[in-house]
Every structure is written in structure tokens, then in C-alpha cells.
Amino acid sequence: MAPLKPPPPRLLLNGVSCMRNAQAVLRDINVSVHDGTALVLTGANGSGKSTFLRMLAGFSRPSAGEVLWNGHDITSPGVFQQYKLQLNWMSLKDAVKEKLTVLENVQWFELLEGKHGKSAPAIELMGLGRLMNEKARMLSMGQRKRLQLARLLAIDRPIWLLDEPSVALDAEGVKLLEYIIAEHRKKGGIVFVATHLPIEIEDAMSLRLPQRFPRRKTLVDLASDVLGEVACFVDFMNTSDLCAGCNKGALNAPLISPQGPLEVLSDPMLEVAGPLFKTRPNLEDASVEYVRNGSRSKIIFILQTIRSSPDLR
Ligand SMILES: Nc1ncnc2c1ncn2[C@@H]1O[C@H](COP(=O)(O)OP(=O)(O)OP(=O)(O)O)[C@@H](O)[C@H]1O
């Protein structure tokens, strides 16, 4: 008899990289996640734990590699519509509605799911039973956290993305958190936890993200720093586009962010940009090459605005 094939992973991160603010935060991550798995993400501040969760939630797209859910790329529109219904996201921003009661705060989310009846038991389990009908503005930080956890239970989706779930919880709260994670996994649920604090999760996989040091500034950063809100960089493919952009007044436009992930390939100005601004006032433009959505392109940064800044003369 042929040996049984292991089931395919529910989620597969295949050589995934992710950029934020034109900076590579995650690089070449490979993880297979099966039903019932917990993955604990650790790493220094800024190492990319939240970015990892955001990418799984579909808020950031991978700049390389792919995230497959049941073998399908989560960034495909048809797949994402289905995939996002699997997710339960808990972040440091708690989205607690202060004017609603504790019960209403959970029921509201449950109703959006088309479910009912789970809110009160979830609130009881999280130790907030006697506060059920209090306005949420009365809650302490730890109680708000418990309320968020009650929402997880009431909504009851299979993939939990938990960003610092134990922050503000007391020892009993942490035990409850550990308990509900264990119970969720027993039902085949998947849990991703980004944390600095120890949380006991049996047989959890762990991924420690390397510390990221801020890269040297690119030309675009430099100009943005100097110009603040009025900084503009314009994405033009050739000189005629550049001229057309100038005529449309693009130079005074607010910061125009390139659409989609952007990987800076070269920055010929990097070393000399600072002195260059000061010593070459007639410089017309400078360019940064990048790849966006698989195609190579170029940002031409127009320095005319900078020349008008007295600080740089
Ligand atoms: N809104 C944002 N826009 C651009 N870059 C960001 C944004 N938020 C975070 N970053 C950058 O992304 C990188 C990773 O940040 P992230 O929040 O994922 O780290 P983290 O490991 O969760 O950190 P912490 O332990 O402090 O919560 C950092 O270099 C940070 O500066």
C-alpha cells in the first residue's frame, strides 16, 4: 500500500518578502502552517512582526514570493474574498466603541458575522460578566483587552492573527489567553501570535525575525525629510511625461506614493545627495530605479522644489 501523503498546508508562505516604506522588512520567509498550528513571532522592535501579520491579513502585499491559502494565492481578488472571512485580527488598536456597553461591543461584531448567542458566554469566559452592561469607556486597559478576546471567541473564525495579545493582561488574563488559544487549536484553528512577552503555547512553532537596522536614506527619503508635506516625487517614465507633469503643476502636489510594493534597486545619488543639493543648484532631476509589481521602472525626483527651499541653498 502506498504511504499516505501528508495533507497540504492550510497556509504556505513561499519565499515571502515584504517592504514597508520602500524598505525590505521581511526577507525570504518560508513557513508551512497546518490546521491546529500556532506560530509565535518574536524579534526586536521594528523587526517586522506586525508587518508579518499585516501581510497575512492582506493589508500589505508581499514584494516577492507568495502566500498560499489552500494552494491559492491570497492576493488574487477571488481568493482574497474567501480568505479574509477566515481571519480574526486582533491588534493593539482595539476598536472598542466607548459609548456601547461591553455586551454591545461584542454583539456588534457577532451581528456583522450573521451570528448570535455567543457574545454573552464569551464575555463571561473572559471574566467580564459583571461588567456586561457597563459602557465600554469604564473599562481598564486589561479589561479592554479581555473584551477584544471575547470578540475573537464570539466571531469564531479559524485563523487568528494576534498582535501583542497579552499586553495589559494580568496573570489570570494571560492564563485565559493561553487557554482559549489551546481550545481554538484543538478545533483545528490556526494562531499567529506576535509578542515580546512569554505566552505558553504548547508545541508552537516559533519564528524570530532578525533585527532590522534603518537603511541609509535614499534620495526620496532625504527630500521627504526636508520638504515634509509638500515633498513630491513623481513617477514618470520618460522626459516628455516629466514635462507634462510639470505643466500640470505636479511639483506642488503632495507626496505621491507609488502604487504597490516598491523595491529600490539602485540609488546612484545615495552617497552624494546631501552635498549635491547644496553644491549643484541647477540640477534638474535625479532618479531611483525600482521594481513595482514585477516591472522595472524609475522614479524621477524633481529637484526644482528643493532649490526653492532656503535651507538647501
Ligand atoms: N505605517 C508605517 N509606514 C511605514 N513603515 C512602517 C509603518 N509601521 C512600521 N513601519 C516600519 O516597518 C518596520 C517593521 O515594523 P513592525 O511594526 O512590523 O515591527 P514590529 O516587529 O512589530 O515592532 P514592535 O516590536 O515595535 O511592535 C519598521 O522598520 C517600521 O519603521
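Note that the structure is a prediction, hence the values are computed from the model and not measured.

Rules and cut-offs
Residues numbered from 1 in each chain as written. Predicted model: local features only at pLDDT ≥ 70, side-chain atom pairs only at ≥ 80, totals over all residues. Heavy atoms only, no water. Near = heavy atom within 4 Å. Polar contact = N/O pair within 3.5 Å; in protein donor to acceptor, adjacent residues only side chain to side chain. Helix = DSSP H or I, 4+ residues; strand = E, 2+ residues; numbered from the N terminus. Pairing = 2+ DSSP bridges. Axes fitted to C-alpha atoms, helices over the stretch in contact; angles between N-to-C directions. Buried < 20%, exposed > 50% of the residue type's maximum accessible area, 1.4 Å probe, protein only. Left-handed = near helix turned anticlockwise from the far one by under 90°. Contact = heavy atoms within 4.5 Å. Nonpolar A, V, L, I, M, F, W, Y, C, P; charged D, E, K, R; others polar. Core = buried A, V, L, I, M, F, W, Y, C linked by side-chain atoms within 4.5 Å.

### Remarks on the site of the ligand
- Neighbouring residues of the ligand: Arg20, Asn21, Val25, Ala44, Asn45, Gly46, Ser47, Gly48, Lys49, Ser50, Thr51 and His196.
- Within the side chain of arginine 20, one N or O atom sits 3.3 Å away from a nitrogen atom of the ligand.
- Here an oxygen atom of the ligand sits 2.9 Å away from a polar atom, N or O, in the main chain of glycine 48.
- Ranked by the residues each element gives to the shell around the ligand, the list is headed by helix H1 (residues 49-56), at three residues.

### Focus on the sheet that holds strand E9 (residues 205-209)
- Ordered in space as E6-E7-E8-E3-E9, the five strands form an open sheet in which the pairing is parallel. Each end of this open sheet is capped by a strand with a single partner; those strands are strand E6 (87-90) and E9. The average angle at which neighbouring strand axes cross in this sheet is 15°, direction not considered.
- Bridge count for strand E3 (residues 38-43) against E9 is five bridges, and the pairing is parallel.

### Quick look at H1
- In terms of residue burial, H1 counts as a mostly covered element, since six of its eight residues are buried.
- Those residues of H1 that sit buried are Lys49, Thr51, Phe52, Leu53, Met55 and Leu56.
- Positive backbone phi, at 90°, marks glycine 58, one or two positions downstream of H1.

### A look at the packing of helix H3 (residues 102-112) against helix H5 (residues 141-155)
- Across the interface, H3 lies against H5 with an axial gap of 9 Å and an inter-helix angle of 35°. Remark: the crossing between H3 and H5 carries right-handed chirality. Here Val102, Asn105, Val106, Phe109 and Glu110 of H3 come into contact with H5, specifically with Leu147, Ala150, Arg151, Ala154 and Ile155.
- Within the contact of H3 with H5, the residues separate by chemical class into seven nonpolar, one polar and two charged.

### Observations regarding the nonpolar core
- Counting residues in each nonpolar core, the largest one holds 32 residues, and the members touching the most others are Ile123, Leu149, Leu162 and Ile181.
- Listing elements by their share of this core, those giving two or more residues are E3, H3, helix H4 (119-125), H5, strand E7 (159-163), helix H6 (171-186) and strand E8 (190-194).
- When neighbours within four sequence positions are excluded, leucine 149 is seen to be in contact with Met90, Met126, Leu169, Leu177 and Ile180.
- Residues Leu26, Val33, Ala57 and Ile190 belong to the second largest nonpolar core, which totals 29 residues.

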